[in-house]
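# Chain and residue survey
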Amino acid sequence: QQQVKQSPQSLIVQKGGISIINCAYENTAFDYFPWYQQFPGKGPALLIAIRPDVSEKKEGRFTISFNKSAKQFSLHIMDSQPGDSATYFCAASKETSGSRLTFGEGTQLTVNP
Amino acid sequence: DAGVIQSPRHEVTEMGQEVTLRCKPISGHNSLFWYRQTMMRGLELLIYFNNNVPIDDSGMPEDRFSAKMPNASFSTLKIQPSEPRDSAVYFCASRPGLATDTQYFGPGTRLTVL
């Protein structure tokens, strides 16, 4: 019930291409879905987040697509750049004070020049 | 803003020794989280505190691990005795209050147990 499954484990994209990372969750009580970005040697940092009342959220080149009925959400990185090379984690939680984030396994993205 | 501060940044110790990791959360944040990251297991939540009170420690591997938060500005994660399988990067994160608030991660402590 608390799992968040993320795929693929690793992804290689050419510069300018579209990177797509997928996540699926089980707990229908989840109502907050953030994506975190982690560069080598650094802690994860919030990239973008969505709530289930919308099906898509876009911030610059980053877009979250959300499918509530399928219990799936995905991160799309348009015009991928070498600087986007990092590990990306999806996560989910319930919007109650004190509750925890459940993280996916992570996707290591490499954008080749 | 200084962000979440962790110390030490790197720790190398021998099996059987006690290890203490320290964290200073962002001022005003009500929740604090300890995570462990390894290649094999990814990012695991060990324990989290809300208003200095431990809420969920189900991720703590075993009795060798303990965490405290004596006040709103300081937390420790202790491993006694340490074992080679404890080698990992340990992150501390803090959050203002609500579950939908951003978690801010520290730079991590890379622990190596020989």
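Our subject in this report is the structure included herewith. (Residues numbered from 1 in each chain as written. Chains lettered and ligands numbered in written order. Predicted model: local features only at pLDDT ≥ 70, side-chain atom pairs only at ≥ 80, totals over all residues. Heavy atoms only, no water.)

## Some points on the overall build of chain B
Tallying secondary structure elements over chain B gives 0 helices and 11 strands in all. Across chain B, helices and strands are ordered from the amino to the carboxyl terminus as β-β-β-β-β-β-β-β-β-β-β. Against the globule reference of 13 Å for 114 residues, chain B gives a C-alpha radius of gyration of 13 Å, in line with a compact fold. Principal-axis analysis of the C-alpha atoms places the extent of chain B at approximately 40 × 30 × 25 Å. Counting across all 114 residues of chain B, residues that qualify as buried make up 49%. (Helix = DSSP H or I, 4+ residues; strand = E, 2+ residues; numbered from the N terminus. Rg over C-alpha atoms; globule rule 2.2 N^0.38 Å. Buried < 20%, exposed > 50% of the residue type's maximum accessible area, 1.4 Å probe, protein only.)

## Structural notes on the interface of chain A and chain B
Counting from both sides, the interface comprises 20 residues of chain A and, opposite them, 23 residues of chain B. Counting each side, the surface lost to burial between chain A and chain B is near 1,600 Å², with a carbon and sulfur contribution of 54%. For the pair chain A and chain B, the interface holds 0 salt bridges. Inspection of the chain A/chain B interface yields 2 residue pairs in polar contact (both at pLDDT 80 or more). Its residues assigned to classes, the side of chain A that touches chain B comprises 7 nonpolar, 8 polar and 5 charged. (Contact = heavy atoms within 4.5 Å. Buried area = accessible area lost by both parts, 1.4 Å probe. Salt bridge = Lys/Arg side-chain N within 4 Å of Asp/Glu carboxyl O. Polar contact = N/O pair within 3.5 Å; in protein donor to acceptor, adjacent residues only side chain to side chain. Nonpolar A, V, L, I, M, F, W, Y, C, P; charged D, E, K, R; others polar.)

## Details of the environment of B:Phe49
Residue and element names in this part refer to chain B. Of note, phenylalanine 49 is situated in strand β5 (residues 42-50). Considering only alpha carbons, one finds phenylalanine 49 and arginine 110, 61 residues apart in sequence, at a separation of 22 Å. Among all residues touching phenylalanine 49, those that are not within four sequence positions of it are Asn30, Ser31, Leu32, Trp34, Pro54, Ile55, Ala67, Lys68, Met69 and Ser75.

## Looking at the packing of aromatic side chains
Summed over the entire model, instances satisfying the criterion amount to 17 aromatic pairs over all chains. Between A:Tyr36 and A:Phe103, the aromatic rings sit 5.6 Å apart at their centres with planes inclined by 65 degrees, giving edge-to-face as the arrangement. Placement of the pair is A:Tyr36 in strand β4 (residues 33-38) and A:Phe103 in strand β10 (residues 102-103), with a sequence separation of 67 residues. For A:Tyr36, a relative accessible area of 0% puts it in the buried group. Each ring, one from A:Phe103 and one from B:Tyr35, has its centre 5.6 Å from the other, and the planes form 85 degrees; the classification is edge-to-face. Of the two residues, A:Phe103 sits in strand β10 while B:Tyr35 sits in strand β4 (residues 31-38), which places them in two different chains. Here A:Phe103 matches B:Tyr35 in class, with each residue buried. (Phe/Tyr/Trp six-rings, centres within 6.5 Å; stacked < 30°, edge-to-face > 60°.)

## Observations concerning the nonpolar core
A:Phe33, A:Trp35, A:Phe73, A:Leu75 and A:Tyr88 are the most contacted members of the largest nonpolar core, which totals 24 residues. Residue assignment for this core shows that the elements contributing at least two residues are β2 (10-14), β3 (19-25), β4, β5 (45-50), β7 (62-67), β8 (72-77), β9 (86-92) and β11 (107-112) of chain A. Sorting elements by how many residues they give to this core places β9(A) first, with 4 residues. Apart from residues no more than four positions distant in its own chain, A:Tyr88 is found in contact with A:Gln6, A:Ile21, A:Tyr36, A:Gln37, A:Leu47, A:Phe62, A:Leu75, A:Ile77, A:Gly106, A:Thr107 and A:Leu109. Core analysis: the second largest hydrophobic core is formed by 21 residues, B:Ile47, B:Met60, B:Leu77 and B:Leu111 among them. (Core = buried A, V, L, I, M, F, W, Y, C linked by side-chain atoms within 4.5 Å.)

## Examining the pairing of β7(A)
Residue and element names in this part refer to chain A. Looking at chain direction, strand β6 (residues 56-59) and β7 are connected through 4 bridges and run antiparallel. Bridging from a neighbouring strand, glutamate 56 pairs with serine 65 of β7. In sequence, β6 turns back onto β7 through a hairpin of 2 residues, with glycine 60 there showing a positive phi of about 65 degrees. Relative to β8, β7 is paired through 6 bridges, and the arrangement is antiparallel. Counted as the bridge partner of serine 65 is serine 74 from β8. (Pairing = 2+ DSSP bridges.)

## A short note on the side chain of A:Ser19
Residue and element names in this part refer to chain A. Counting through the fold element by element, serine 19 comes out in strand β3. Judged by its relative accessible area of 0%, serine 19 falls in the buried class. Beyond its immediate sequence surroundings of up to four residues, serine 19 is in contact with Leu11, Val13, Leu75, His76, Ile77, Ser80 and Leu109.

## Description of the pattern of salt bridges
Residue and element names in this part refer to chain B. Scanning the model with the defined rule gives 11 salt bridges over all chains in all. Of the charged contacts, one joins arginine 64 and aspartate 86 as a salt bridge, the two residues approaching to 2.6 Å between their closest N and O atoms. Note that arginine 64 is positioned in the loop between β6 (53-56) and β7 (65-71) and aspartate 86 in the loop between β8 (74-79) and β9 (88-95), a separation of 22 residues in sequence. The burial state of arginine 64 is the same as that of aspartate 86; both residues are buried. The salt bridge partner of arginine 85 is glutamate 83, with a shortest N-O separation of 2.6 Å.

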